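Observations on the three-dimensional arrangement
Below, each chain spelled out in residue letters.
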Amino acid sequence: TQLLEQSPQFLSIQEGENLTVYCNSSSVFSSLQWYRQEPGEGPVLLVTVVTGGEVKKLKRLTFQFGDARKDSSLHITAAQPGDTGLYLCAGAASNYQLIWGAGTKLIIKP
Amino acid sequence: GAGVSQSPSNKVTEKGKDVELRCDPISGHTALYWYRQSLGQGLEFLIYFQGNSAPDKSGLPSDRFSAERTGGSVSTLTIQRTQQEDSAVYLCASRRDRGGSYEQYFGPGTRLTVT
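Residues numbered from 1 in each chain as written. Chains lettered and ligands numbered in written order. Predicted model: local features only at pLDDT ≥ 70, side-chain atom pairs only at ≥ 80, totals over all residues. Heavy atoms only, no water.

Attention now moves to the overall build of chain B. Summing up its helical and strand segments, chain B has 0 helices and 10 strands in all. Along chain B, helices (α) and strands (β) appear in the sequence β-β-β-β-β-β-β-β-β-β when read from the amino end. The C-alpha radius of gyration computed for chain B amounts to 14 Å, which stays within 12% of the reference 13 Å derived for 115 residues, consistent with globular compactness. Expressed as a percentage of its 115 residues, the buried residues of chain B come to 47%. Long-range pairs, those at least 24 residues apart, make up 55% of the contacts in chain B with a sequence separation of at least 6. Split by element, the accessible area of chain B, about 5700 Å² in all, is 43% carbon and sulfur. (Helix = DSSP H or I, 4+ residues; strand = E, 2+ residues; numbered from the N terminus. Rg over C-alpha atoms; globule rule 2.2 N^0.38 Å. Buried < 20%, exposed > 50% of the residue type's maximum accessible area, 1.4 Å probe, protein only. Contact = heavy atoms within 4.5 Å. Areas by Shrake-Rupley, 256 points an atom, 1.4 Å probe, with all protein chains shown as cover.)

Residue and element names in this part refer to chain B. Where burial is concerned, the two faces of strand β6 (residues 65-69) differ: the one with Phe65, Ala67 and Arg69 is buried and the one with Ser66 and Glu68 is not. As paired strands, β6 and strand β7 (residues 75-79) are joined by 5 bridges and run antiparallel to one another. Bridging across to β7, Arg69 finds its partner in Ser75. Remark: 5 residues form the turn of the hairpin made by β6 and β7, two consecutive strands paired antiparallel; Gly71 in that turn has positive phi of roughly 60°. (Pairing = 2+ DSSP bridges.)

Right, let's get into the state of the cysteines. A complete count under the given rule lists 2 disulfides over all chains for this structure. The partner cysteine of Cys23(A) in its disulfide is Cys89(A), sulfur to sulfur 1.9 Å. One quick way to see it: the torsion about the S-S bond of Cys23(A) and Cys89(A) is about 70°, and its sign makes the bridge right-handed. In this pair, Cys23(A) sits in strand β3 (residues 19-24) while Cys89(A) sits in strand β9 (residues 85-92), placing the two residues 66 residues apart along the sequence. By relative accessible area, Cys89(A) is classed as buried at 0%. For Cys23(B), the disulfide goes to Cys92(B), at an S-S distance of 1.8 Å. Its torsion about the S-S bond being -65°, the disulfide of Cys23(B) and Cys92(B) is classed as left-handed. (Disulfide = S-S within 2.5 Å.)

Residues and elements named next belong to chain B. Extensive coverage of strand β5 (residues 43-50) is indicated by the burial of 7 of its 8 residues. Direction of pairing for strand β4 (residues 31-37) relative to β5: antiparallel, over a ladder of 7 bridges. Of the residues in β5, the one forming a bridge with Ala31 is Gln50. Counting the residues in the hairpin turn of β4 and β5 gives 5 residues, including Gly40, whose phi is positive at 70°.

Once that is clear, we can look at the sheet that holds strand β8 (residues 71-76) of chain A. All names here are of chain A. If you trace the 5 strands from one edge of the open sheet to the other, you get β1-β3-β8-β7-β6, paired in antiparallel fashion. At either margin of the open sheet sits one strand with a lone partner, and together these are β1 (5-7) and β6 (55-58). For this sheet the average axis-to-axis angle between neighbouring strands, irrespective of direction, equals 15°. Note that β1 and β3 share 3 bridges and pair antiparallel. (Axes fitted to C-alpha atoms, helices over the stretch in contact; angles between N-to-C directions.)

Here the focus is the environment of Leu3(A). Residues and elements named next belong to chain A. Mapped onto the fold, Leu3 is located in the segment before β1. The spatial distance from the C-alpha of Leu3 to the C-alpha of Thr48 is 18 Å, given a sequence separation of 45 residues. When near neighbours in sequence (up to four residues on either side) are disregarded, Leu3 contacts Asn24, Ser25, Phe29 and Ile99.

On to the packing of aromatic side chains, then. Both the distance between ring centres and the angle between the ring planes are used here to describe each pair of aromatic rings. Scanning the model with the defined rule gives 10 aromatic pairs over all chains in all. Ring geometry for Tyr35(A) versus Trp100(A): centroids 5.1 Å apart, planes at 45°, classification tilted. Taken together, the residues span a long stretch of sequence, with Tyr35(A) in strand β4 (residues 32-37) and Trp100(A) in strand β10 (residues 98-100) at a distance of 65 residues. For the pair shown, Tyr35(A) and Trp100(A) are each scored as buried. Here the aromatic rings of Tyr35(A) and Phe106(B) are separated by 5.9 Å at their centres, their planes lie at 85°, and the arrangement is edge-to-face. Taken together, the residues span two chains, with Tyr35(A) in strand β4 and Phe106(B) in strand β9 (residues 105-106). Looking at Tyr35(A), the relative accessible area reads 0%, which means it is buried. (Phe/Tyr/Trp six-rings, centres within 6.5 Å; stacked < 30°, edge-to-face > 60°.)

This part takes up the nonpolar core. Within soluble globular proteins, side chains that are nonpolar generally end up buried alongside one another. Ranked by internal contacts, the top residues of the largest apolar core, which has 21 residues, are Leu19(A), Leu32(A), Trp34(A), Phe63(A), Leu74(A), Ile76(A) and Leu106(A). At the level of secondary structure, the elements contributing two or more residues to this core comprise β2 (10-14), β3, β4, β5 (44-49), β7 (61-65), β8, β9 and β11 (104-109) of chain A. If you look at the next biggest cluster of nonpolar residues, it comprises 20 residues, including Val19(B), Cys23(B), Phe65(B) and Ala67(B). (Core = buried A, V, L, I, M, F, W, Y, C linked by side-chain atoms within 4.5 Å.)

The values are spatial; any link to function lies outside them.
Below, the structure is given as structure tokens:
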């Protein structure tokens, strides 16, 4: 059974600080996605990483896929209140299913 | 075009009643997923429709849950004899079957409360 462990589950920091969210598995994924979900809305895709060792940047967000394609991280630089939300990682399984992490609830205090 | 829409946005029902939740996927998307999400938690897969293939029902928690997709578009998730533990947000997502993409587009969800 493929599992994705996401950590931390909850993070509350001050505006301007940096943070990293981790997504780990013992399984290899062909690709991994990061989504952000705000209250009352569905998750929205932020990025897909495909190649082992790949790094993608989206403004202040940096996403990395591990060399072995078993883990990924999301780093936010100089966090802002607008970054508040639930961050979910999801690994591509067979038959176009996604294996979902439990989510990281992020609160950025002004 | 429009994104994924779901209705109703909120549903309060009494224990033991049946409920139907509706999902309108993005036009042209052949894949449709239903998930359940408890407050602030991750997504629990329920069921997956892909084109005309038999749906993957492996995530349905009990035989009280069923779903259908008519004409390859609109989908309805039905919960019979609702229980309090069924209270959650039910999310629908669709995917465009092209180029091996796994990207899913989500609706805003239906918040179900069973009293």
